[in-house]
Structure formats: C-alpha cells, structure tokens
Amino acid sequence: ASQDKSDLRSPICCILGHVDTGKTKLLDKIRQTSVQEGEAGGITQQIGATFFPKEALIEKTEVVNKDGSVDVKIPGLLIIDTPGHESFTNLRSRGSSLCNIAILVIDITHGLEPQTIESINMLKMRKTPFIVALNKIDKLDVTEWKVNKDTGFRDTLAQQSKRMQRMFEDRLQHVKMLLMEQGLNSEVYDKNPNPGRIVSIVPTSAVTGEGVPDLLALLVKLTQERMTGSLMYISEPEATILEVKVIEGLGTTIDIVLVNGFLKEGDTIVLCGMNGPIVTNVRALLTPQPMRELRIKSAYVHHKQVKAALGVKISAPGLEKAIAGARMFVANNADEEEYYKDLAMDDLTSLDKFVQKSGRGVYVQASTLGSLEALLVFLKDMKIPVFEFGLGPVYKSAVIRSSLMLDRAPEYAVMLCFDVPVTFEAEEQAKRDGVKIFSAMIIYHLFDAFKKHMEEVTE
Ligand code: GDP
Ligand code: MG
C-alpha cells in the first residue's frame, strides 16, 4: 500500500505471426499519431521495442471509448518489435517470461499459415496470453470496402454494404474454424463472454487503421486485469537478452529488454555464455536518438540509469560469448554474483535433459536459446532422439561430432539446423563424411526433411 504511482511498471507485448500478415505495418500504424508531427505523444523508439506512454494510449483509444469504459491505469505499454517471428522464438519460456501478452497477427484473406501454427504452439508452450489481430479486413474487397480511417471496428463494419458484411462474417467463421482445429476457441473480442478461456479476435486493417483503436483498448484492458497487485510495481531487476550484436566502435553489445527493476551504468551483470557464465560491468546504457534529433552525430543516447520496462543496448567488455534468449542478472555483491552465475547457466544446462542417454540421435543447432529450446521440445514430441546440440553457426567440429553416428546409428548422422549459417568447411566436411545437414527457418520443415530422410534410409 505504501507503493506510489511512480513505482508503476509497464506491461510488455510481443507481436508474432506468419510473414507478410502485417506485423510491421500494424506497429507503424500504432506509432503514428494525430498529435502534431514530431511530438508523437511521447512515443519513443527503443532498442528492439517501442514505448507507448499512457497519454498516447488514451489518445489512440478515444474513438472506442466514448462511454469512458477504458480507464488507462498502466503507465504505458512496451511493444517488442519482431522482425519475422524469430525474435519471439528467442525468448526463453522459463523464469518470468518476457511477454505479459502477445498479439498473433492473422491475414483474414489467407487464414492460418505455417508460421501462424508454429506461433500458436509457441504461445501454448509458454503459456503466454494472447489476442488475435485478424488483419487486412480492407483487403476483403479493395474496391467495395468503405474505408473509415482509424475508426473502431464496429463503426466501420456498420458502414459496409450487406455483401461486405456477409463476406467478413464468412471469413471470420472460417478462421474461427481453423483456430478450433488448433484446439482454440475464439470469438470477436466484444462478443467474448470469457476472455480468460476464449481467444479474443480483433479485426483490423494496418493500412487504414480500422480496428486499431480496439486492439489497443483490449491490450490495455487485458494487461490491467492480469497485472494485479505486485505485478504492477517495480521490483527486482529482471532482463532478457534479445540479441548479441557487434557494433562499430562499441564491440560486442547486447540488446536487452529490462522487464523489471532499474539498471545503472557500472552495475555488475551476470549472463549465460557459450563457454560458461559471463560477469562484467555495464559500460554504457544506450537507446536510439529520437527521430528529430538525427542531426546529432552519435546514433545513441547515453543513460546513467534506466527503469523497466524498456529495450536498451548494453555496451560492456567480454560479451562476445553471450547467448541471445537467455536471462541477465544484476549482482549487488560477491555472494549474489556466485548465485547468479549458476542461475544464468541453468538456462543452458537445463536443456541437457533433451539429450538421449543412449548417445544415439541427431545433432541439433539453433540460433538462440529460445529457438533451440522450441526445437528440442518439438523433436521430443516427435520422438526424434537428440545426441547433442549447439548454438550459433555450424562449424566443422560439430559435423565431426555428428559423424560419430555413422558407426553407432547411421540413420542419425543428421544435423537439424534452425536459422543458423553453415560454414563452408562444415559443408565440405559433411560431404566427405556422409553427414546430412538440413537447414530451415521453420521447425516443421526440418521435421519434414528428417521424415523424408528416414523413409529413404528404411526403404
Ligand atoms: P510482416 O511480414 O508481418 O511484418 O508484414 P508487413 O507489415 O511487412 O506487411 C506485408 C504487406 O502487407 C505489406 O505490403 C503491407 O503494406 C501489406 N499490409 C499489411 N497490413 C495490411 C492491411 O491491413 N491491409 C492491406 N491492404 N495491406 C496490408
Ligand atoms: Mg515485418
């Protein structure tokens, strides 16, 4: 009760879905503002994320809030940018997960696509609450759809022709049926009697802005309802690493989302590294320059201290072996440092349980901790045994490990590589040894390739 308003924390939202469903466009649309150019209602572009302050949320939900039923209490909303859906797979499922809520974007004219289904499985696995943006409603018929820019969904639907309304209803029913096949009950959000159990659908157009106010209002409502009590307030620092990147002049940096707490320049951070825990000190906390400050030379704004939730780049020595998708900890003393070193490595070592004790199985390689975990869980479900796994590009050494199977179980002399480059030397080695390398950006494709391979070898 002693907690005051300045202690309030913003919820975090991720967007995911199949390529070209309109994820980027939807974010762009949400970022746009009717407030005079430049001001953008305090919306700030961060590292890998965009922050929408309370005022922007109030303004953008006005058209669907004539009765005042949307009462914005959260200090703002942090939306994580997702290039494709890769960065969502990044995120580890364990610990306090990064997302308080997710938006699954579905193209109303396409229905469910492979990455939509993969996203649904990911959301289920991580128990992340989500809503569906049924996007591109304007595209149902580009000539007949009557555009009502940035209006609420019901308002615009009421103004469509009878034929358009029927067409929308047909497509909606079709998508609901497809979702049902994935084990999901769904309903348009304002007709949803039980948002806790039934997925809410918000029809939107990222081009015309129709339904976008509804989407934001629903995000506000659902996160407020779920983030009750202590969840609403700032507490211990919690962070997830989104990306590990080499930046000219800074060396290897990490882009993180600070989910909770504060982070200061000079803080001791502990993270999971490829060859063991990394302990280092924050040299700089960086966010991008605001748009209108482009004439300023430096690409980044430096911060002495930052507060959750936000996306920030950390420059520090010794980050070369950091692993994307893992958690990051802040240690206040030597004891905490030791404690967090174990905890940080848990993120990686906990995956050892997916390795077959028999020493027979395929070799698995993935880009991030999160995608590696997703792949391992999937392979377990598919009863494909795993012999060993790795992160990052595929090097010759991994191929040599995999070639051990040629004697033990030749059908498993296979490498399943998800979203990682394969080096030339590795390819050459694989050809020489007779190890098969399958690479893909979609988990299912790896499964298909492996299934085909098994059919061939058992023939
Ligand atoms: P992403 O891959 O999910 O990020 O998809 P994009 O945001 O890049 O959108 C893919 C394409 O679909 C682009 O050409 C967009 O202009 C278009 N698009 C996205 N949303 C809509 C929409 O609501 N209506 C229409 N007509 N086109 C859209
Ligand atoms: Mg995109």
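Residues numbered from 1 in each chain as written. Chains lettered and ligands numbered in written order. Predicted model: local features only at pLDDT ≥ 70, side-chain atom pairs only at ≥ 80, totals over all residues.

**Section: the pairing of strand β17 (residues 310-315)**
Inclusion rule: Working definition of burial: number of other C-beta atoms within 10 Å of the residue's own, with buried at 20 or more, exposed at 12 or fewer, and partly exposed in between, all C-beta atoms being placed from the backbone. Counting from the N terminus, the helices are the DSSP runs of H or I reaching at least four residues and the strands are the DSSP runs of E reaching at least two. Note: two strands are recorded as paired if DSSP finds a minimum of 2 bridges between them.
When you tally the buried positions in β17, you get 6 out of 6 residues, the bulk of the element. Burial along β17 is two-sided: the residues Leu310, Val312 and Ile314 and Gly311, Lys313 and Ser315 are all buried. Across 6 bridges, strand β10 (residues 251-260) lies against β17 in antiparallel orientation. Residue isoleucine 256 lies in a different strand from β17, and its bridge partner there is valine 312.

**Re the nonpolar core**
What counts, and what does not: Remark: nonpolar core denotes a set of buried Ala, Val, Leu, Ile, Met, Phe, Trp, Tyr and Cys residues whose joining runs through C-beta atoms within 7 Å. Our contact criterion uses C-beta atoms placed from the backbone: two residues qualify when those atoms are within 7 Å.
Counting 124 residues, the largest nonpolar core has Cys13, Val257, Leu258 and Met415 as its most contacted members. With 8 residues, helix α7 (residues 212-226) is the largest single contributor of residues to this core. Beyond its immediate stretch of four places on either side in the chain, cysteine 13 contacts Leu77, Leu78, Ile79, Ile80, Cys99, Asn100, Ile101, Ala102, Ile103 and Leu219.

**Examining the sheet that holds strand β22 (residues 436-440)**
For clarity, the threshold we go by: Each axis is a line fitted through C-alpha atoms, taken for helices only over the stretch in contact, and angles between the N-to-C directions span 0 to 180 degrees.
Spatially, 4 strands are ordered β20-β19-β21-β22 in an open sheet, and the strand pairing comes out parallel. The open sheet has two edge strands, β20 (386-391) and β22, and neither has a second partner. Across the sheet, the axes of successive neighbouring strands diverge by a mean angle of 20°, strand direction being ignored.

**Here's the deal with the site of ligand 1**
How we decide: Each residue receives a C-beta atom placed from its backbone. It is near a molecule or strand if this atom lies within 6 Å of it. Throughout, the ten residues Ala, Val, Leu, Ile, Met, Phe, Trp, Tyr, Cys and Pro are labelled nonpolar, Asp, Glu, Lys and Arg are labelled charged, and all others, Gly among them, are labelled polar.
Residues in contact with ligand 1 amount to 14 residues; listed here are only the nearest, Gly22, Lys23, Thr24, Lys25 and Ala206. With 3 residues, helix α1 (residues 23-31) is the largest single contributor of residues to the shell around ligand 1. Of the residues contributing to the shell around ligand 1, the split by class is 3 nonpolar, 5 polar and 6 charged.

**Re the pairing of strand β1 (residues 12-17)**
Most of β1 sits out of view: 6 of its 6 residues are buried. Note: β1 against strand β4 (residues 76-80), 3 bridges, orientation parallel. Across the sheet, cysteine 14 pairs through a bridge with isoleucine 80, a residue of β4.

**Observations concerning the sheet that holds β17**
By way of backbone hydrogen bonds, the strands of a sheet pair with one another, either parallel or antiparallel. The 8 strands are arranged β13-β12-β18-β9-β10-β17-β14-β15 in an open sheet whose pairing can be described as antiparallel. Edge strands, defined here as strands with exactly one partner in the open sheet, are β13 (278-281) and β15 (300-303). Looking at each pair of strands side by side, their axes are set apart by 40° on average, direction ignored. Most of the contacts of helix α8 (residues 334-349) go to strand β18 (residues 327-331), to which it runs at about 175°, and overall it touches β12 (268-271), β13 and β18.

**Here we look at the environment of glycine 325**
Examined against the element boundaries, glycine 325 turns out to sit in the loop between β17 and β18. Taking the C-alpha atoms as reference points, glycine 325 and cysteine 272, 53 residues apart in sequence, are found 9.6 Å from one another.

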